[in-house]
Amino acid sequence: MSTHECGRQETKRNSHSFCLRLQSHLAQIEAENPDAMFVFLSDVWLDQPKVMDKLRVLFSGYADMPPTAFIFCGHFCSAPYGSEHARTIRRCFHELADLVCEFEALAESCRFVFVPGPLDVGPGNILPRPPIPDILTEDIRGRLPFAVFASNPCRIQYCTQEIVVFREDITNKMCRNCVRFPSDKETIPTHLVKTMNAQAHLCPLPLHVRPIYWSYDNALRVYPLPDLMVFADKYDPFQVENADCVSINPGSFPKTRYQFKVYWPQRRLVEDSQVPD
């Protein structure tokens, strides 16, 4: 599994991903690993004791069958802490490392991918976002050998499949700026996904609505479409299939009573999951 940050080798991505899909040895590895799975959570508020308790339950449940990767999307704090924000998030990652290290199998074999949210430490309200600064994550990276702090959006390559992870509250922004609002609110996720796929872009909004680094706009393009797109949004969880691409939203982990999504790449199956009370 490889993780690509935005703006790095992006000009070669389209041909590279297409070639990987045709590699027979990768397809064989994928077929021989039916237990491979990816766990997606959004709004992982590490400063909230209740969230940490639920993560402990989650990790204990996967301790006997470690997933390929946990993908944690921000925000990693429930509220901005002003001048104390950087110190708080450093402490939170230290406590998360303590928690993961209690489960030796997870700490030694799982990938932990961290995708920053709009309110996490970093530059202003602009896309794409770089990873959380190394100075805040050096402790957890030193203790978890497979911890990866990715950009937002980020791309994950697993054998022949490409996964795009985008942490942005894009649904409400698209609804506020649409020409014609869907008559049925239940169809909003379908309209959202079809629009993204048709535009081949993760954020097809005017620059005054959502600023984008123009030099790195290619990091937001999704042509050809990946196998899985993850919209880590505070909107209600959803799953939509369109044009041979599966799009999911795990929803806000604390606000959905600790729901998350699990993806099984060998079967291309998405499961709705929840940490029990």
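Residues numbered from 1 in each chain as written. Predicted model: local features only at pLDDT ≥ 70, side-chain atom pairs only at ≥ 80, totals over all residues. Heavy atoms only, no water.

## A closer look at the overall build of the chain
In terms of helices and strands, the chain carries eight helices and 12 strands. For the chain, the C-alpha radius of gyration of 18 Å lies close to 19 Å, the compact-globule estimate for 277 residues. Each principal axis of the C-alpha distribution contributes one length, and for the chain these read about 50 × 50 × 35 Å. A fraction of 70% describes how many contacts in the chain between residues 6 or more apart in sequence connect residues 24 or more apart. Working note: accessible area of the chain is about 12,900 Å², and carbon and sulfur atoms make up 50% of it. In the chain, 29 positive and 33 negative side-chain charges are present, and the distance between their average locations comes to 6 Å. (Helix = DSSP H or I, 4+ residues; strand = E, 2+ residues; numbered from the N terminus. Rg over C-alpha atoms; globule rule 2.2 N^0.38 Å. Contact = heavy atoms within 4.5 Å. Areas by Shrake-Rupley, 256 points an atom, 1.4 Å probe, with all protein chains shown as cover. Lys, Arg positive; Asp, Glu negative; His and termini not counted. Charge placed at Lys NZ, Arg CZ, Asp CG, Glu CD.)

## Side note on unusual backbone geometry
Between Leu127 and the following residue, Pro128, the backbone shows a cis peptide bond with an omega angle of -10°. Structurally, Pro128 is set in the loop between strand S4 (111–115) and helix H6 (134–143). Of note, the bond from Asn152 into Pro153 is cis; its omega dihedral lies within 30 degrees of zero at 0°. The backbone of Asp43 shows a phi angle near 55°, a positive value even though the residue is not glycine.

## A few points about the confidence of the model for the chain
For the chain, per-residue confidence averages 92 on the pLDDT scale, and 94% of positions sit at 70 or higher. The low-confidence segment residues 5–12, where pLDDT is below 50, has 16 contacts with residues more than four positions distant or belonging to other chains. (pLDDT = per-residue confidence, 0-100.)

## With respect to the pattern of salt bridges
Scanning the model with the defined rule gives 16 salt bridges in all. Asp217 is the partner of Arg221 in a salt bridge, and the nearest nitrogen-oxygen pair spans 3.2 Å. The exposure class assigned to Arg221 is partly exposed, which follows from its relative accessible area of 42%. Across the pair Asp277 and Arg257 runs a salt bridge, and its minimum N-O distance is 3.0 Å. (Salt bridge = Lys/Arg side-chain N within 4 Å of Asp/Glu carboxyl O. Buried < 20%, exposed > 50% of the residue type's maximum accessible area, 1.4 Å probe, protein only.)

## Structural notes on the packing of helix H3 (residues 49–62) against helix H4 (residues 85–101)
Their axes nearest at 10 Å, the elements H3 and H4 cross at an angle of 30°. In terms of their interaxial angle, H3 and H4 are classed as roughly parallel. The crossing of H3 and H4 is right-handed. Contacts from Met52, Leu55, Arg56 and Phe59 of H3 reach H4 at Glu95, Leu96, Leu99 and Val100. (Axes fitted to C-alpha atoms, helices over the stretch in contact; angles between N-to-C directions. Parallel < 35°, antiparallel > 145°, perpendicular 65-115°, else oblique. Left-handed = near helix turned anticlockwise from the far one by under 90°.)

## A closer look at the sheet that holds strand S2 (residues 38–42)
Each strand in a sheet pairs with its neighbour through backbone hydrogen bonds, running either in the same direction (parallel) or in the opposite one (antiparallel). Spatially, the six strands line up as an open sheet ordered S5-S4-S3-S2-S11-S12, and their pairing is mixed. Each edge of the sheet is formed by a strand with only one pairing partner; in this case those strands are strand S5 (147–149) and strand S12 (269–274). With strand direction ignored, the average angle separating the axes of adjacent strands in the sheet is 20°. The sheet contact formed by strand S3 (residues 69–73) and S4 spans five bridges and is parallel. Considered in S4, the bridge of Ala69 is made with Arg111. The sheet contacts of H3 involve S2, S3, S4 and strand S11 (259–264), and relative to S3 the element is tilted by about 165°. The sheet contacts of H6 involve S4 and S5, and relative to S5 the element is tilted by about 160°. (Pairing = 2+ DSSP bridges.)

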